Amino acid sequence: MHLVYPAVLAALLFSVGVYGVLARRNVVLVLMSVELMLNAVNLNLVAFDAWLRDALHAGQALTLFTITVAAAEIGLGLAVVLLVFRTRGTADVDRLTALGDPSEAVEEPAVATAPEGRAA
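Quantities reported herein were computed from a predicted structural model and do not represent experimental measurements.

(A) Quick peek at the packing of aromatic side chains. The tally for this structure, following the rule as stated, stands at 1 aromatic pair. Arranged with centres 6.2 Å apart and planes meeting at 85°, the rings of Phe48 and Trp51 form a pair that is edge-to-face. With a gap of 3 residues between them, Phe48 and Trp51 both fall in helix α2 (residues 27-52), about one helical turn apart.

Here you go:
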């Protein structure tokens, strides 16, 4: 088996994932792009495991570990996204700037001024 084909496919998948993370504004699409990048890594792990003919199949074992971590990550990520959407009403990354309660407006500190009638 040639190693070039899966390596090029993994590089393309990873590039599409990086573009999705950098260009998208919706949190769900960003999470999908992160999953695409993880799948590109999994493809590389399995391809190199098959190419090296490892007796322990370490690449496949690491792939199973990565899939498990990715499943936990997407579960927690979607839970956080749902909670943010319920409280803020949006899943837009650019509009989610402050953490905490959205009803508490962040006030700017008052500028010290001289009382009226007096010169500073």
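(B) Region of interest: the UniProt feature "transmembrane region" (unreviewed entry) in the protein. UniProt records the feature "transmembrane region" (unreviewed entry) for residues 61-85 in the present numbering. Annotated as residues 61-85, this span is 100% helix and 0% strand, and its ends, taken at the C-alpha atoms, are 36 Å apart.

(C) View of the side chain of Glu35. With respect to the helices and strands, the residue Glu35 is situated in helix α2. Salt bridges are absent for the buried Glu35, whose nearest opposite-charge side chain, Arg24, sits at 16 Å. Residues within four places of Glu35 in sequence aside, it is in contact with Ala70, Glu73 and Ile74.

(D) View of the pattern of salt bridges. Inspection of the entire model under this criterion finds 1 salt bridge. Residue Asp94 pairs with Arg25 through a salt bridge whose shortest N-O separation is 1.9 Å. Linking Asp94 in the segment after α3 (58-88) with Arg25 in the loop between α1 (4-23) and α2, this pair joins segments that are 69 residues apart in sequence.

(E) A look at the confidence of the model for the protein. Taken as a whole, the protein shows an average pLDDT of 85; of its residues, 80% reach a score of 70 or greater. The element-level mean pLDDT for the protein is lowest in α3, coming to 92, with α1 highest at 96.

(F) Here's a closer look at a nonpolar patch on the surface. Together, Val4, Tyr5, Val8 and Leu12 make up a nonpolar patch on the protein surface, roughly 440 Å² of accessible area in all. Structurally, the position occupied by Tyr5 is in helix α1.

The rules we used
Residues numbered from 1 in each chain as written. Predicted model: local features only at pLDDT ≥ 70, side-chain atom pairs only at ≥ 80, totals over all residues. Heavy atoms only, no water. Phe/Tyr/Trp six-rings, centres within 6.5 Å; stacked < 30°, edge-to-face > 60°. Helix = DSSP H or I, 4+ residues; strand = E, 2+ residues; numbered from the N terminus. UniProt positions renumbered as here; feature names shortened; annotations may be inferred. Buried < 20%, exposed > 50% of the residue type's maximum accessible area, 1.4 Å probe, protein only. Lys, Arg positive; Asp, Glu negative; His and termini not counted. Salt bridge = Lys/Arg side-chain N within 4 Å of Asp/Glu carboxyl O. Contact = heavy atoms within 4.5 Å. pLDDT = per-residue confidence, 0-100. Patch = residues over 30% accessible without salt bridge, like charges linked within 9 Å, V, L, I, M, F, W, Y side chains within 5 Å. Areas by Shrake-Rupley, 256 points an atom, 1.4 Å probe, with all protein chains shown as cover.

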